[in-house]
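Here are the chains, one letter per residue:
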Amino acid sequence: MVRTAPGPIYAHGGNRPEFVLVLGAGGARGLSHIAVLEALDDLGIRPTLIAGCSMGAIIGAAYAAGLSGRALHEHAVGLFRDRARAIARLLDARIGKLTDLVRGLGNPVLIDGERLLDLFWPEAVPDRFEELAIPFVATATDYHLHAEVTLSRGPLTPAVAASLAIPGLVRPVMVDGRVLIDGAAIDPLPYGRLMRPGRIVLAVDTSAPAASDETRVPGALEAMVGVSHIRTRSIVQRMIERQPPDILIRAGMDGIGLLDFFKAKAILGAAEPVKDEVKRKLAQALERQG
C-alpha cells in the first residue's frame, strides 16, 4: 500500500508563513533528499510549493504526487536492491547502441530520460503537473538560449526528464519547441527567485564537496559525470555566498559518485542525522517568523 504524506499545515493567506521546499541536483547523493521528506512527515508539515532540479526534480515530483517520505525510502531501497533488475531497466531505457560507437553514429550509453522515469518512478506519480497534490516546479536549461527554464504545467514526465538531462548521459528533451538539458547547468539549487517576505524557503544541497585526499585518476565516463559534480558545487557555493536561503540543509554521503545508486541503502542510512537538523532549523525559522 502506498503511504501518502500528511495534510498541509501551512497555506496561502492568514498570518502563517508559507513553506517552500527546494531540492537540488546531486545524482545518487540526491537520494538524501528523502530523509528531509521523512522529517517533514514526522512534523506533519507539508510544503505549499516544491521546486526541484535534476535528482531533486525526480524526488520532488514524487513527493508532490502525495507519496510519503517513508514510501519513497522503501521504493528506492527496493528498486536498487535487485541489481540485475535495475540494470535491465537501465538497458531498456538506453537509446544508444555499441555498434553506434564503432560506426561513428552516436553515444552507446545515452539514456532516454522519459523512458527512465517510466521505469523507475512509483506508479502513483501522475502524468501531468495539474494532477499533483502539491504545486511543483522543475527547472531545466534551454540549450540554445543558455537560459534557465521553469516548468510547472502540462506533461510531467518530459519536464522532469529535461531537468535531469545531463549532457552525454541523458538525451535532451524537446518541450514547447525548446531543446532542454540539465537544470544544474545554470541553477542546481533553484531557491533564489522563490525567496520573499512571509515565506520560509528550505533548500537542500546534495552537491559533492571536494575530495582533498583522493589521487585516483578517473575513467572517461566517471570524469564526464564528475564535471557535473564540480560545476554544481561551484554554482551552489556562489549562490549561497550571495544570498543564502532561509534554511540550508547540506546532505549526501561522502565518497558517493553521481551514478552510485546501488548504494541507496547506505546513502539513506548516512542521511538519518539530517532529520534532526531539519526539525531544529525549521523550528528556529518558525520562531523567527513568529
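Scope of this entry: the structure provided in the associated data block. (Residues numbered from 1 in each chain as written. Predicted model: local features only at pLDDT ≥ 70, side-chain atom pairs only at ≥ 80, totals over all residues. Heavy atoms only, no water.)

### Quick notes on the side chain of E38
Heads up, the rule is: A run of H or I in DSSP counts as a helix once it spans at least four residues, and a run of E counts as a strand once it spans at least two, with each numbered from the N terminus. Any N or O atom pair separated by 3.5 Å or less is treated as a polar contact, with the protein-specific requirement of one donor-capable and one acceptor-capable atom, and with residues adjacent in sequence counted only for side-chain atom pairs.
Within the secondary structure, E38 sits in helix α1 (residues 33-43). A polar contact is formed between the side chain of E38 and the side chain of H73, at a distance of 3.3 Å.

### Considering the packing of α1 against helix α10 (residues 272-289)
What counts, and what does not: Angles here are taken between N-to-C directions and fall from 0 to 180 degrees, while the axes themselves are lines fitted to C-alpha atoms, restricted in helices to the stretch in contact. An angle below 35 degrees is read as roughly parallel, one above 145 as roughly antiparallel, one from 65 to 115 as roughly perpendicular, and any other as oblique. Should the near helix be turned counterclockwise from the far one by less than a right angle, the crossing is left-handed, whereas a clockwise turn marks it as right-handed. Only heavy atoms matter for contacts: two residues are in contact if any of them lie within 4.5 Å across the pair.
Remark: α1 packs on α10, axes separated minimally by 8 Å, with the N-to-C direction vectors making an angle of 50 degrees. When the axes of α1 and α10 are compared, the pair comes out oblique. Crossing hand, α1 versus α10: right-handed. Of the residues in α10, those touching α1 at A35, V36, E38, A39, L40, D42 and L43 are E272, V274, K275, V278, K279 and L282.

### Let's talk about the layout of surface pockets
Applied cut-off: Each cavity reported here is a set of points on a 1 Å grid over the protein atoms alone in which a 1.4 Å probe fits but cannot get out, each pocket an open set with protein on both sides within 12 Å along at least five of seven lines, and each lining residue one with an atom within 4 Å of a point. Grid points are joined across faces, edges and corners, and a volume is the space filled by probe spheres set on the points. The classification used treats Ala, Val, Leu, Ile, Met, Phe, Trp, Tyr, Cys and Pro as nonpolar, Asp, Glu, Lys and Arg as charged, and all other residues, Gly among them, as polar.
Quantified by volume, the largest pocket comes out at close to 900 Å³. Of all the elements in the fold, those that place two or more residues in the lining of the largest pocket are α2 (55-64), α3 (69-81), α4 (83-93) and α6 (113-120). Ranked by residue count, the leading element in the lining of the largest pocket is α3, at five residues. A class-by-class count of the residues in the lining of the largest pocket yields 30 nonpolar, three polar and one charged.

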